[in-house]
Amino acid sequence: PTVSGFDAVTVSARDVDEDLSDTYKPEVRNYKVNYDDQNGNVIKTDTVTRKTGDTVKINSSTQFGWYLDDGQTIPTSATLDADDT
């Protein structure tokens, strides 16, 4: 079966009655971190290249002249999932 974010490892066919299991390894992918304004316009984009399932540090700050609303923070890390969200 296909699993988003992972490459399947191919197993050759055999003429023996045995149980087989599928093995998947994480794909290396480019992930974009978008920073949006209150209208949904992207004001900054950071790109990280890592494997699905990796946790990455986010080293960013607000753009000059921009500020966060009360109660908002910039995350310091994120775990990269298979569907790029």
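Residues numbered from 1 in each chain as written. Predicted model: local features only at pLDDT ≥ 70, side-chain atom pairs only at ≥ 80, totals over all residues. Heavy atoms only, no water.

Q: So, the overall build of the protein chain: which residues are in play, and what are the values?
A: Within the protein chain, the secondary structure is distributed over 0 helices and 6 strands. When the elements of the protein chain are put in sequence order from the N terminus, they spell out β-β-β-β-β-β. The proportion of buried residues among the 85 residues of the protein chain is 13%. Long-range contacts, defined here as pairs at least 24 residues apart, represent 31% of the contacts in the protein chain between residues at least 6 apart. Put simply, the protein chain shows about 7,100 Å² of open surface, and 46% of that area lies on carbon and sulfur atoms. (Helix = DSSP H or I, 4+ residues; strand = E, 2+ residues; numbered from the N terminus. Buried < 20%, exposed > 50% of the residue type's maximum accessible area, 1.4 Å probe, protein only. Contact = heavy atoms within 4.5 Å. Areas by Shrake-Rupley, 256 points an atom, 1.4 Å probe, with all protein chains shown as cover.)

Q: Could you give an account of the environment of Arg29, naming the residues involved and the relevant values?
A: Its place among the elements puts Arg29 in strand β3 (residues 28–36). Along the sequence, Arg29 and Ala82 sit 53 residues apart, while their C-alpha atoms lie 9.3 Å from each other. Polar contacts involving the side chain of Arg29 include one to the side chain of Glu27, which spans 3.3 Å. (Polar contact = N/O pair within 3.5 Å; in protein donor to acceptor, adjacent residues only side chain to side chain.)

Q: Explain the pairing of β3 to me, using residue names and the numbers behind them.
A: In terms of strand pairing, β3 meets strand β4 (residues 42–51) through 9 bridges, oriented antiparallel. Within β4, the position partnered with Asp36 by the bridge is Val42. Between β3 and β4, which pair antiparallel one after the other, the connecting turn spans 5 residues, and Gly40 there sits at a positive phi close to 85 degrees. (Pairing = 2+ DSSP bridges.)

Q: Summarise the pattern of salt bridges; cite the residues concerned and give the values.
A: Applying the stated criterion across every chain yields a total of 1 salt bridge. Arg29 is paired through a salt bridge with Glu27; the nearest N and O atoms lie 3.3 Å apart. The exposure class of Arg29 is buried, given its relative accessible area of 19%. (Salt bridge = Lys/Arg side-chain N within 4 Å of Asp/Glu carboxyl O.)

Q: Residue-level account of the packing of aromatic side chains, with values.
A: If you walk through the whole model with that rule in mind, you get 0 aromatic pairs. Here the basic side chain of Lys44 rests over the ring of Tyr35, its NZ or CZ set 5.6 Å away from the ring centre. (Phe/Tyr/Trp six-rings, centres within 6.5 Å; stacked < 30°, edge-to-face > 60°. Lys NZ or Arg CZ within 6 Å of the ring centre and 35° of its normal.)

Q: How would you sum up the confidence of the model for the protein chain? Please name residues and give values.
A: Confidence in the prediction of the protein chain, expressed as mean pLDDT, is 77, and 75% of residues score 70 or more. The secondary-structure element of the protein chain with the lowest mean pLDDT is strand β1 (residues 6–8), recorded at 71, while strand β5 (residues 55–57) shows the highest, at 86. (pLDDT = per-residue confidence, 0-100.)

Q: Please set out the environment of Asp37 residue by residue, giving values where relevant.
A: Mapped onto the elements, Asp37 comes out in the loop between β3 and β4. A C-alpha to C-alpha distance of 9.6 Å links Asp37 and Leu68, two positions 31 residues apart in sequence. When residues no more than four places from it in sequence are discounted, the contact partners of Asp37 are Ile43 and Trp66.

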